[in-house]
Amino acid sequence: MKEIDRKIVQSYPKFSKDIYWSMDRTLYKICKFDLSTLNRINFLKYIYGLENIPGLNLPLNLLYDDEIYGYEMDYINGSCNIDEFIYRTNKDIADIRKIISSIFEALKEIHKHFIFIDVRNSNILVKDNSAIFIDWDFGIIKGTEDYARFYYGVLTRKYIGTVLEDLAKAFISALSLLYHCDIELFMTTHNLLDLQSLLESINADKEIIHCIKLFTALYIYDERVKDFDFTNMFLNVNLPTKKEKELIRERINRKRN
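The text that follows walks through the structure, step by step, so that each part is easy to find. (Residues numbered from 1 in each chain as written. Predicted model: local features only at pLDDT ≥ 70, side-chain atom pairs only at ≥ 80, totals over all residues. Heavy atoms only, no water.)

## Things to note about the overall build of the protein
This is how it is decided: By the criteria applied, helices consist of DSSP H or I runs no shorter than four residues and strands consist of E runs no shorter than two, each listed in order from the N terminus. Only C-alpha atoms enter the radius of gyration; for comparison, a globular chain is expected to reach 2.2 Å times N to the power 0.38, where N is the number of residues. With a 1.4 Å probe rolled over the protein chains alone, any residue whose accessible area is under 20% of its type maximum counts as buried; one over 50% counts as exposed, and the rest are partly exposed. In this description, contact between two residues means that some pair of their heavy atoms is separated by no more than 4.5 Å. Note on areas: Shrake-Rupley, 1.4 Å probe, and residue coverage restricted to the protein chains presented here.
The number of helices and strands found in the protein is nine helices and nine strands. Computed over its C-alpha atoms, the radius of gyration of the protein comes to 19 Å, within 12% of the 18 Å expected for a compact globule of 257 residues. Principal axes of the C-alpha set define a box for the protein whose edges measure 55 × 40 × 35 Å. Counting all 257 residues of the protein, 53% fall into the buried class. Look at the contacts in the protein between residues 6 or more apart in sequence, and 68% of them connect residues 24 or more apart. For the protein, the exposed surface amounts to about 12700 Å²; the carbon and sulfur share of it is 48%.

If you want it as structure tokens, here you go:
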């Protein structure tokens, strides 16, 4: 662990909200614990004790002064998060299917240890056609209950902290990559059934519609997901045409306005 006063960290150059450049060109993150501070600190300690989880940016050190308040992590050069990626001019040269598969491969490894909780575009980096999860600090260890922070609910506004919820949100991030469109923003005011109707209206690939129906069925009837391999979900999906991408952006904007 690294002893450093948080006020000193806050005096360093800011990288993004609550994240600062260290003198070693790594990043320092100051966590916002909100409720259940002790549980959050214990979770940081738990993650700090893990080793070599493919697709997850683990902490280099925990930061503490009077108490643990954050962590140090590597800066991943040459990466961008999914929100940034979908607006890049050169995004079409990327292997979208490979990136999407790597999202689910990384989650599969993460779920051996904990539930990520805050799966969202801004917390998934893309580098060299691979996904890397960051900002894991709102996660929970399987079998425990704790305050959960989230950007949106997938089927209902009530949050469900499960492996299934993580996978469903990863599916939304995958669709954002596929259509080069912020599907998450649509989901803040809609649910999976609304998304299914939207995609059916543009004649989306039948495999995508099948996946949405699968998730809905898992939520409603059976939350066990251990027998389904999500890493292969998009391997047989046809990449959308430019017209399809334009249609979904147009209809999402229409529904938001």
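## Side note on the sheet that holds strand E1 (residues 2–3)
Here is the rule we go by: Paired strands, in this sense, are two strands between which DSSP finds at least two bridges. Axes here mean lines fitted to C-alpha atoms, for a helix over just the part in contact, with angles spanning 0 to 180 degrees between N-to-C directions.
Pairing in this open sheet of six strands is mixed, and the strands run E1-E5-E6-E4-E3-E2 from one edge to the other. With partners counted over all chains shown, the strands left at the sheet margins are E1 and strand E2 (14–16), one partner each. Bridging between E2 and strand E3 (residues 19–21) involves two bridges; their strand directions are antiparallel. Bridging across to E3, Ser16 finds its partner in Ile19. Helix H2 (residues 37–48) contacts strand E5 (61–64) and strand E6 (68–73) of the sheet and is inclined by roughly 30° relative to E6.

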